Amino acid sequence: MIVPSPYAARLDAIPLERRTEELAGSTTELWVYGPHDADTTIVLVHGFRGDHHGLEPVVAHLPRYRTIVADLPGFGVSTPLDAGHDIDGYSAWLLELVDRVRGPGRTVVLGHSFGSIIVSAALARGLDVDDIVLVNPIAAPALSGPRGILTRLAVFYYWAPAKMPERMGFAVLKAPIVTRIMSVTMAKTRSRSLRRWIHNQHDLYFGAFSNRRVVLDAFKASISHDVSEYASANTTRTLLIAADRDDITPVEAQHRLTEKIADSRLVVLSGVGHLVHYEMPMQAADAIDEFLRDEPGER
């Protein structure tokens, strides 16, 4: 069963082009939204175990920009990388992606959650763009978050299937009950209809990964790194969009991260957690639009 998206009408009104690119050994699927002659291109990088669907609600509220969202290699319908699915592998892939889709005007890269680490690592490796947006950035080690005990349980959950036979381990990683527990934990909205749609999105797409090795390697990367370790190398104008009920990174860590990035602005959304892209995409898009309309140096 597919629950209709509350943002479908907005998204359907935006021109869409499908593209396939060979990047770092991955056959990467791209969804290119918006006018082709837009003066700003935004490349969006989704989080762990998601795919392009997760960031489409944000795209739906940015119709005047050219927005490009890909399935990360090994997730959704993109094939795995030739190299490992670690931060080095994904950041190298992002460097190739941005060079391939860069438009004639301004180029912006947005990363959500695990995507925020990939974007930050790519910056440290020389990613050359005009602006950066990090949504629900992983500002500190995941094990130190407000629900560090849940992260430790997740470590065991991903460790155990690695020790099982391939078919059994793959089935455990795709277990619907685990997906639902995760979804219920992270959703903060009181809207029953919105929660129902969020759970359906996770049911549909959270298990869309190529094989056991991809998801295990990506999980290890997601808890072994955070944005703060790359902050001193980030000299690009950066917007951070955080949430006051985020179970993975506390707001205090987001403030500390903002202080470490030379040219940065922090927007904290209230009443939402790690699913800003699902629960408050309009507010996130408004913050992005305001940020991009500002001239460098304006705060």
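Let me begin by describing the structure that accompanies this report. Because the structure is a prediction, the values reported are computed rather than measured. (Residues numbered from 1 in each chain as written. Predicted model: local features only at pLDDT ≥ 70, side-chain atom pairs only at ≥ 80, totals over all residues. Heavy atoms only, no water.)

1. Quick look at the pairing of strand S3 (residues 40-45)
Defined as follows: Working definition: with a 1.4 Å probe on protein chains only, accessible area under 20% of the residue-type maximum means buried, over 50% means exposed, and in between means partly exposed. Secondary structure follows DSSP: runs of H or I at least 4 residues long count as helices, runs of E at least 2 residues long count as strands, and numbering of each begins at the N terminus. Strand pairing is assigned whenever DSSP identifies at least 2 bridges connecting the two strands.
Burial of S3 is extensive: 6 of the 6 residues sit out of reach of the surface. Alternating positions in S3 separate into two faces, Thr40, Ile42 and Leu44 on one and Thr41, Val43 and Val45 on the other, with burial throughout. Alignment of S3 against strand S5 (residues 106-112), held across 6 bridges, turns out to be parallel. In the strand pairing of S5, valine 43 is matched with valine 109. Direction of pairing for S3 relative to strand S4 (residues 66-70): parallel, over a ladder of 4 bridges. When the sheet's bridge partners are listed, valine 43 is paired in S4 with isoleucine 68.

2. Brief notes about the packing of aromatic side chains
Cut-off, in case you're wondering: Stacked, tilted and edge-to-face pairs are distinguished by plane angle, under 30 degrees for stacked and over 60 for edge-to-face with tilted covering the rest, among Phe, Tyr and Trp rings (Trp via its six-membered ring) whose centres lie within 6.5 Å. The rule is short: NZ of Lys or CZ of Arg within 6 Å of the ring centre and within 35 degrees of the ring normal puts a charge over the ring.
Across all of its chains, the model carries 7 aromatic pairs by this definition. On the numbers, 6.3 Å between centres and 70 degrees between planes, the contact of phenylalanine 48 with phenylalanine 75 is edge-to-face. Pair noted here: phenylalanine 48 is in the loop between S3 and helix H2 (56-60) and phenylalanine 75 is in the loop between S4 and helix H3 (87-101), with a separation of 27 residues, a long-range link. Judged by relative accessible area, which is 18%, phenylalanine 48 ranks as buried. Between tryptophan 197 and tyrosine 278, the aromatic rings sit 5.2 Å apart at their centres with planes inclined by 80 degrees, giving edge-to-face as the arrangement. One end of the pair, tryptophan 197, is in helix H8 (residues 192-205); the other, tyrosine 278, is in helix H11 (residues 276-279), and 81 residues separate them in sequence. Across this residue pair, the class does not change: tryptophan 197 and tyrosine 278 are buried. Taken together, the ring pairs in this structure connect Phe48, Phe75, Tyr90, Phe114 and Phe219 into an aromatic cluster. The side chain of arginine 237 reaches across the aromatic face of phenylalanine 291, ending 4.0 Å from its centre.

3. Quick notes on the sheet that holds S3
Put simply, the rule reads: Fitted lines through C-alpha atoms give the axes, limited to the stretch in contact for helices. The angle between two N-to-C directions lies from 0 to 180 degrees. It only takes one pair of heavy atoms within 4.5 Å for two residues to be counted as in contact.
Ordered in space as S1-S2-S4-S3-S5-S6-S7-S8, the 8 strands form an open sheet in which the pairing is mixed. The open sheet has two edge strands with one neighbour each: strand S1 (16-23) and strand S8 (264-269). Each strand of the sheet is rotated relative to its neighbour by a mean of 20 degrees, with strand direction disregarded. Contacts between helix H4 (residues 114-124) and the sheet are confined to S3, S5 and strand S6 (131-135), with S5 contributing the most and set at about 135 degrees to the helix. Helix-sheet contacts for helix H10 (residues 251-260) involve strand S7 (237-243) and S8, and the interaxial angle to S8 is about 165 degrees.

4. As for the pairing of S7
Side-chain direction in a regular strand flips from residue to residue, so the side chains alternate between the two faces of the sheet. The buried fraction of S7 is high, at 7 of 7 residues. Along S7, one buried face is formed by Arg237, Leu239, Ile241 and Ala243 and the opposite face, lined by Thr238, Leu240 and Ala242, is buried too. Looking at chain direction, S6 and S7 are connected through 5 bridges and run parallel. Bridging from a neighbouring strand, aspartate 131 pairs with arginine 237 of S7. Inspection of the sheet shows S7 paired to S8 by 6 bridges, in the parallel sense.

5. Concerning the pattern of salt bridges
Inclusion rule: The rule for a salt bridge is simple: a side-chain nitrogen of Lys or Arg has to be within 4 Å of a carboxyl oxygen of Asp or Glu.
Taken as a whole and assessed by the stated rule, the structure comprises 14 salt bridges. A salt bridge links arginine 293 to aspartate 289; its shortest N-O distance comes to 2.7 Å. Highlighted residues: arginine 293 and aspartate 289, both in helix H12 (residues 281-293), separated by 4 residues, approximately one helical turn. Sharing partners across several salt bridges, the network here consists of Arg19, Glu21 and Arg100.

6. Looking at the nonpolar core
Going by this rule: Definition of nonpolar core: a set of buried residues of the types Ala, Val, Leu, Ile, Met, Phe, Trp, Tyr and Cys, connected through side-chain atoms within 4.5 Å.
Counting residues in hydrophobic clusters, the biggest one holds 51 residues, and the most contacted among them are Phe75, Tyr90, Leu94, Leu97, Val109, Phe114 and Leu127. Looking at which element gives the most residues to this core, the answer is H3, with 8 residues. Sequence-distant contacts of leucine 127, defined by excluding residues within four places in its chain, comprise Leu94, Leu95, Val98, Val109, Val119 and Ala122. Of all hydrophobic cores here, the second largest spans 41 residues; its members include Val59, Val69, Trp197 and Leu269.

7. As for unusual backbone geometry
One can expect most non-glycine residues to show negative phi and most peptide bonds to be in trans. Even without glycine at this site, arginine 49 takes up a positive phi of about 65 degrees. Relative to the helices and strands, arginine 49 resides in the loop between S3 and H2. We classify arginine 49 as buried; its relative accessible area is 1%. One non-glycine residue with positive phi stands out, namely serine 113, at about 55 degrees. Looking at the element boundaries, serine 113 is found in the loop between S5 and H4.

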